[in-house]
Each structure stands twice: as C-alpha cells, then as structure tokens.
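Next come the chains, spelled out residue by residue.
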Amino acid sequence: MEKELGGLLDKLHSERPLVHNITNTVVTNFTANGLLALGASPVMAYAREEVADMAKIAGAVVLNIGTLTEELVEACIIAGQAANEVGVPVLLDPVGAGATPYRTDSSLRILREVKVSIVRGNAAEIAHLTGEIREIKGVDAGAGGGEAQVDLAVRAAIKLGTAVAVTGREDVITDGASGYVVSGGDELLARVTGAGCLLTSVMGAFAAVERDMLKAGAAAMALYGAAAESAVSASGGRGPGSFQVSLLDELAGLRSDSMSEGRVRALSLSPVIGGGAR
Amino acid sequence: MEKELGGLLDKLHSERPLVHNITNTVVTNFTANGLLALGASPVMAYAREEVADMAKIAGAVVLNIGTLTEELVEACIIAGQAANEVGVPVLLDPVGAGATPYRTDSSLRILREVKVSIVRGNAAEIAHLTGEIREIKGVDAGAGGGEAQVDLAVRAAIKLGTAVAVTGREDVITDGASGYVVSGGDELLARVTGAGCLLTSVMGAFAAVERDMLKAGAAAMALYGAAAESAVSASGGRGPGSFQVSLLDELAGLRSDSMSEGRVRALSLSPVIGGGAR
Amino acid sequence: MEKELGGLLDKLHSERPLVHNITNTVVTNFTANGLLALGASPVMAYAREEVADMAKIAGAVVLNIGTLTEELVEACIIAGQAANEVGVPVLLDPVGAGATPYRTDSSLRILREVKVSIVRGNAAEIAHLTGEIREIKGVDAGAGGGEAQVDLAVRAAIKLGTAVAVTGREDVITDGASGYVVSGGDELLARVTGAGCLLTSVMGAFAAVERDMLKAGAAAMALYGAAAESAVSASGGRGPGSFQVSLLDELAGLRSDSMSEGRVRALSLSPVIGGGAR
C-alpha cells in the first residue's frame, strides 16, 4: 500500500500539477510555499473575472473558507462549477464550520452548488456539516480519533455524497463504502496556523495526478505526516516557528519511499453502512 | 509585580482564550502563529455576516487597521459593538495613523463608535490620534522613549478615555491615572513586520484572562519582551529572518517565571494629571 | 560597475525610502519583511480612499497583480497616477500575465493609464504583454535565458515604452537602447513564493534613490542575487523553508561591497534595435 501511494509522488514530481487555491488570507503564503516545496505549481486567484479560466487549466481546485466573504463564496462557486464542467477535481476545506452560522451555511451552499470530490476538516468541522453538534473553539479545535472518527467520516461521506477526510491524531478518508486510516504526523502541526489548510491543498495536488480520490487523499495524508515527523527531528524541539520552517524543507525532501510501512491501513466497512442511505 | 503578571500566563495556558482578530493582510499569518505559539486560540474573521457572532464568543477582539478598506472599518465597528454588548474587551491597533488622513480618521471613527479597552501604537501613531503632530514614515516609525513617552500616553488616555499603550524602546501603558512602564525587548523587533501588531493581539489574549487592562497589557508587554530577548540569543545574530522564527519558538517556550525581576515598574502619576480632563 | 551599483545600497541605507506596495495577498508579509531587511520602509495600502495620499509621500510605488480584483486594479491606477503627478517612480509586476485573459488585460490597462518606470516579470509574463505567445503554468513559469531573453526584453521595452526587466536564470534590464545583464542568484528562488515579487519591490527601493532606472534595476537584481547565493550557503541545503529565512537574514547583511566583480555587464545593443520603433 505504502509503495503504491508513494509512487504517486513520483507522478506529482514529473507532472508538477497546477493547484488553483481560493483560500484564506492567513495561509496563502504558507500554502503556496508548501505546494512549491512538494513540487506542485500553486496559483492563488479569486476574482470573479478570472476564477473560471484558472480553474479550467488547473489540475485541481481547492476551496477554503477560512476568511470568507460573500465575494469569496461566489468565487468558490464559479470556480467549482467551471472545474466540474471539465472534470477537474474540487476539494473543500470548511475552516471553522460551526464557529459561526455563516461558515456552516456557506460550506453547505458550496456543497449544494458544486460537485466536490473531497471535503477535509477536523472532527468538529465535519460534524457541523452533518448537523451533529460538537464543541468548536476558533478554527483549530477537534482532535478526535479512533472508531468515533471513522464513524463520523462515514456518516458525513454518505450524507454529503463525497469523499470525506477527518484529520486529527489519526487521519481517515472514506467515501462511505471504503477508505483508509492513516497514522503519523505530530501534535506540533496544531501549533502552526494553516497546517490543515496546507494538507487540503496537498490533497489537491495528489488528486490532480490520481483519479481515485481515496488513494490520492491517503497518499497526501501519509506523506504529509511523514514530512511532519521528519520536521520534528530536523527542528530539534526548538518550537513551532522552527518546526514550520522544517516542514517546508521536509516537504521538499519527500521521496516515494519516505513512508514507513504500516502507516496506512484500508478501512473494512460493514456492508450495512456501505450500502446505506446513499 | 513580575510574579503576579507571570501568573497570568498560567491562566492563559489553561484557558486558551479565543482571540478574534480583524487585522491586516500583511500580518495575519504571523499574528495567528504568534497567538498559537503563546497558547491562545486565534481566529481571523472579517465578513460583516459573521463578525458579530465571532466577537461574542471570543475572549477578546483585536481591531487592526494596517490595510484598511471601508468594508474592514465597518466590520471593525460591527464586531466591536457586538463585543461591547457582551463585555468582551476590544483592543485597537491604529497602524500607520497619521500616514494618511484616512487612517487617522478611521481610527478615530472606531474610537467614537466602539468602547475600546486598550489602544496600542508607537509614539507617532498615538500622537496623531490626539492631534499632536509627529513625523511618521510608513507604518514602522517612532521609537520614542522616556518621560515624553509617558506624558504622551497619559494625555492620550485622558483624551481618548481608554487605556493607551505606547511601545518603543520602552513600553508604557496607562489609563491616565496609573499604569506601568516595561523595559526589555530588542531593536530587531523593528525589523520584523507585524511585531507590533502581534503584540497588540498578545495583549488581547491577556485581556481575555485578566479584567484589569493595565495589568493585562503590562503582562503582555513584559512577556513579549522577554521572548524577544530569548529569540535574539536563540537566533545568534543571524538576522531578522531567523529572529522572527525564534520569536515564535520563544513565545511557545514562555513560562510564568520567564520574566526577570525589575522589568516592570508601576507609574506614579501626579494627581493633577490623573484627576485632569476626564 | 559593481562598485557604483553597490554604492546605491549605502544611499538606500541612509535614506530608508518608503516603498508603497499594492501587492497580492500571498506575498505581503514576505515583501514587507524583505524590504525591512534590506533597510527600506515598506507600506502596504490599497484602499481607494488613501492610495493617492500614500503614493505621493512614497519614494516608489510598486504595483503587483498577483491576486487582482477590480478594486485592486482601480487602486493601482489611482496610486500610479498620483505617483506620476509628483514624479515618484512606478514599478509593475504583471504576475501570471497570460495565465488568464484578465491578468493580461489588467496589466495592459495599467500600462495604458499609468506611466510605469520598470516592468519586471519572467519571460512568459513579459512575452504575453507584448502579444507573443509562450507557455505559462501557474505564476512561476518561464526560466528563459541567453540571447532570446535579451531580445524579448528589448522588444518589450520598445513596445511598452518603459524599462523592462526579464528575470530568470540570468536577469536583463533594458529600455530598448541600453541596459544590463546580471548573473547570479539560485534556482532555489523558484521554490519560494514571492521571490520575484520581492525582487520587484527591492527594485522599487533602489528606484527611490537612483533616477537612472536601468542602474537602479541592475543594482537591485545584482544585490538580490548575491543575497540569494549567501542564503544558499547559510541554509546549508536544508531546503526552501530554511532558504527563505536565510534570504531575509542575508538581505539584512548586504553591504555595498557584497557583489563580486563580473556579476553585471552592460548590454551593447545594435543601433537598429535601439533606434527602432520608439
């Protein structure tokens, strides 16, 4: 499994896919640098006048509502629909869904008007999208983990009709019928703003080179986790500032064999859930 | 004094207050990372549709006019008034006040329409808010210092009816009647964009856990200065890029006893000034 | 040559010119920190209400369309025309021109309505401004180099009626009649988002202290390249994250004699080209 997923990185390195991000003002720089480090070609563009053109030439479109406004939501929908027309995968990061009604509503509106391939969030954000109430504080809450996290992802995938990734101490991605659980990463990721946003964009880069969204997402989560672990070593416990710098270094140093064995395991879902409410 | 103020950091660590920032596009990332490093929960949100909701669940609201627009000024006022309704402290950073009339006017408009708990700026910015003319160049000017700086802060506090912090080589915070002078920090802070903006947000984090705004502000300035001094050592004279990274590391490493004795002294203001024009 | 150009850095250090940037949300922080490191005074301001005031007190105005919107294009034109009125040099970075029609059109609109002193871009961006079709992918494409790059810069300078800098493996600046070729830099610059945007702003800082735009541009490119090379050494091959931090450190460490001999050579253009269609 790890070998197959690792092979996607070679593909990414040779194709250098263009990842079109409509993202928040907090993480634009870090996201662009992370994608460049990984070997992808990032572009940020959000004017109504150009988002459709940009989305159509992209390998993936990543929508992120971290600092949303009406203009940005409209840009997300225009870009998403343009991507849908030409078969470019669209990813959604519902940053802070649940923190305010506006964020939840805007995420759901995008999900209604755009065919999204992957939604990635923490447990609290995903729970709010499915109408389950969870505590959320700011935009960084919700570690989750274990069976409950898998169940949440499965329920959300079925309800939203898209692949859903719930990330935290462990990462899960599923379309409701099958999927993967990925271990690894480091809690220092929670001390760097935009670490989750960058992961969604990294998923976008893999979705641009692999049609199976579950494999693309699993490869992204596994390699990102591996880079984070290397960054912990490289930054030697100095703190979150050094860790962030090292994370970019290590993303650039990733190779197809950077993932240790046993990092990814396939989800075995019961047929009742898999054949449920879809 | 240092011990009491240091204790506020323990409180901050255990409460992890949500700090709602409406800030400029230059410093969003650094501000969020600085607050995360400190142990607070940052959120950036500026859409009219959600700022009131976000402000009401926050521990503090920080308004920063570094790259203001009409929409942003309105968002500041909506968020500030919502915070006022529920007793959440509001801080204002009048970045570049005086550089253009628009910045001065917008700062004063916010001060008229919102009950602000602390205004923090450099000497030139604060002087412009009180109508005193000082040279200002860009948004980083005005080191100030000494008696003149204390006098300026006192005059501004009385005129604006709020606590005022004037930061520079020394930092002062006063409500016109009492206050603190804090020494420390490093001139490298002036070579990192947003070092002042982050300090205002750090003050916000302390204002969320301490009702006495003068103590909250003094704790923030003293601990921030201590972190800056540690960052100078940690970055070993390599330059402002390394210093900025180390500053985040050191903010994460702050403990309640990180402040050396003698860093903070109480202001003794003459009753004539203290009982003046309020 | 290197000595004369290096001397401009001393002038920059003593004058600390205010550089007014209207730039994209991806690079605001890095641009501001790079200018601060260099010794200039950056300011970011893009509200219609203040851009003219800011432009008039600046030493240079740098317009960058990396994440353009209608509001931003209008702000660019207002600021550019205000700068023109008082003789402040205006620089344009047409980020991603050619990637979408909107970017090309907006760049050309700015060039029609504002007297621009220097346009800086990569080969693909500049080619699109002159109507020559080149492949462009995202906003970071186009290394170019050699004779073709000089020819492109000359054609663009003549057609656009401004100095044009085409940067890549080598850097060229010309007004169509004379100019300079600058060698140096490092390919790691292509792995840091905004490395080109910052170079344009660094050119702005030099344009604020030297009326000859070709000399100002050549000094900026040569010193920036020298800083990049030092940053490669200082970051010891750790990767693009560390390189970016070191680049800021090394910009702060630049001195008038930091450029090795032979880095800059004057262009000798044939009179036919030089006396062409102007």
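It should be emphasised that the depicted structure is a prediction, and the values quoted were computed from it without experimental measurement.

The rules behind these values
Residues numbered from 1 in each chain as written. Chains lettered and ligands numbered in written order. Predicted model: local features only at pLDDT ≥ 70, side-chain atom pairs only at ≥ 80, totals over all residues. Heavy atoms only, no water. Least-squares fit on C-alpha atoms with pLDDT ≥ 70 in both. Contact = heavy atoms within 4.5 Å. Helix = DSSP H or I, 4+ residues; strand = E, 2+ residues; numbered from the N terminus. Axes fitted to C-alpha atoms, helices over the stretch in contact; angles between N-to-C directions. Parallel < 35°, antiparallel > 145°, perpendicular 65-115°, else oblique. Left-handed = near helix turned anticlockwise from the far one by under 90°. Nonpolar A, V, L, I, M, F, W, Y, C, P; charged D, E, K, R; others polar. UniProt positions renumbered as here; feature names shortened; annotations may be inferred. Buried < 20%, exposed > 50% of the residue type's maximum accessible area, 1.4 Å probe, protein only. Buried area = accessible area lost by both parts, 1.4 Å probe. Salt bridge = Lys/Arg side-chain N within 4 Å of Asp/Glu carboxyl O. Polar contact = N/O pair within 3.5 Å; in protein donor to acceptor, adjacent residues only side chain to side chain.

Quick notes on the relation of the copies chain B and chain A
Then, number 1: Mapping chain B onto chain A leaves a residual RMSD of 0.0 Å; the transformation is a rotation of 120° accompanied by 0.0 Å of translation along its axis. A rotation of that kind, with that shift, is consistent with a three-fold axis. It is T25 of chain B whose C-alpha, among those of chain B, lies nearest the rotation axis, at 3.7 Å.
Then, number 2: Mapped onto chain A, only 4% of the interface residues of chain B again fall at the interface, so the copies present different surfaces.

Digging into the relation of the copies chain A and chain C
Then, number 1: After a rotation of 120° and a shift along the axis of 0.0 Å, chain A superposes on chain C with an RMSD of 0.0 Å.
Then, number 2: Take the interface residues of chain A: only 4% of them recur as interface residues in chain C, which is what a contact between different surfaces looks like.

A few points about unusual backbone geometry
Where the residue is not glycine, phi is negative for most of them; where a peptide bond is considered, it is trans in most cases.
Then, number 1: Look at R16 of chain A: it is not a glycine, yet its phi comes out positive at around 40°.
Then, number 2: Among the structural elements, R16 of chain A can be located in the loop between α1 (2-15) and β1 (18-22).

Focus: the packing of helix α9 (residues 213-235) of chain B against helix α10 (residues 240-253) of chain B
Residues and elements named next belong to chain B.
Then, number 1: For the pair α9 and α10, the least separation of the axes is 8 Å and the interaxial angle reads 125°. With respect to α10, the axis of α9 lies oblique. Crossing of α9 over α10 shows right-handed handedness. Within the contact between the two elements, α9 uses Y224, A227, A228, S230, A231, V232, A234 and S235 and α10 uses S242, F243, S246, L247, E250 and L251.
Then, number 2: Across the contact of α9 with α10, the residue classes break down as nine nonpolar, four polar and one charged.

A look at the UniProt feature "binding site: substrate" (unreviewed entry) in chain A
Then, number 1: According to UniProt, the feature "binding site: substrate" (unreviewed entry) maps to M44 and G194 of chain A in the numbering used here.
Then, number 2: With respect to the helices, strands and loops of the structure, M44 of chain A is situated in strand β2 (residues 41-44).
Then, number 3: Those residues in contact with M44 of chain A that lie beyond four places of it in its chain are N21, T23, T28, T31 and A32 of chain A together with V26, G66, T67 and R103 of chain C.
Then, number 4: With respect to the helices and strands, G194 of chain A occurs in the loop between β8 (179-182) and α8 (195-207).
Then, number 5: When its relative accessible area of 8% is taken as the criterion, G194 of chain A is described as buried.
Then, number 6: Contacts of G194 of chain A, omitting those with residues within four sequence positions, involve V27 and F30 of chain A.

What to know about the interface of chain A and chain C
Then, number 1: Of the residues lining the interface, 26 residues belong to chain A; the matching set on chain C comes to 29 residues.
Then, number 2: For the pair chain A and chain C, the summed buried area comes to about 2200 Å², and 57% of that belongs to carbon and sulfur atoms.
Then, number 3: It is L36, Y46 and D249 of chain A that lose the most area in chain A upon contact with chain C, and together they represent 24% of the buried surface on that side.
Then, number 4: Note that R103 of chain C and E50 of chain A form a salt bridge whose closest N and O atoms lie 2.8 Å from each other.
Then, number 5: At the boundary of chain A and chain C, one finds twelve residue pairs in polar contact (both at pLDDT 80 or more).
Then, number 6: Where the side of chain A that touches chain C is concerned, the elements lending two or more residues are α2 (28-38), β2, α3 (51-57) and α10 (240-253) of chain A.
Then, number 7: It is α2 of chain A that provides the largest number of residues to the side of chain A that touches chain C, a total of six residues.
Then, number 8: Class assignment for the residues of the side of chain A that touches chain C results in 15 nonpolar, five polar and six charged.

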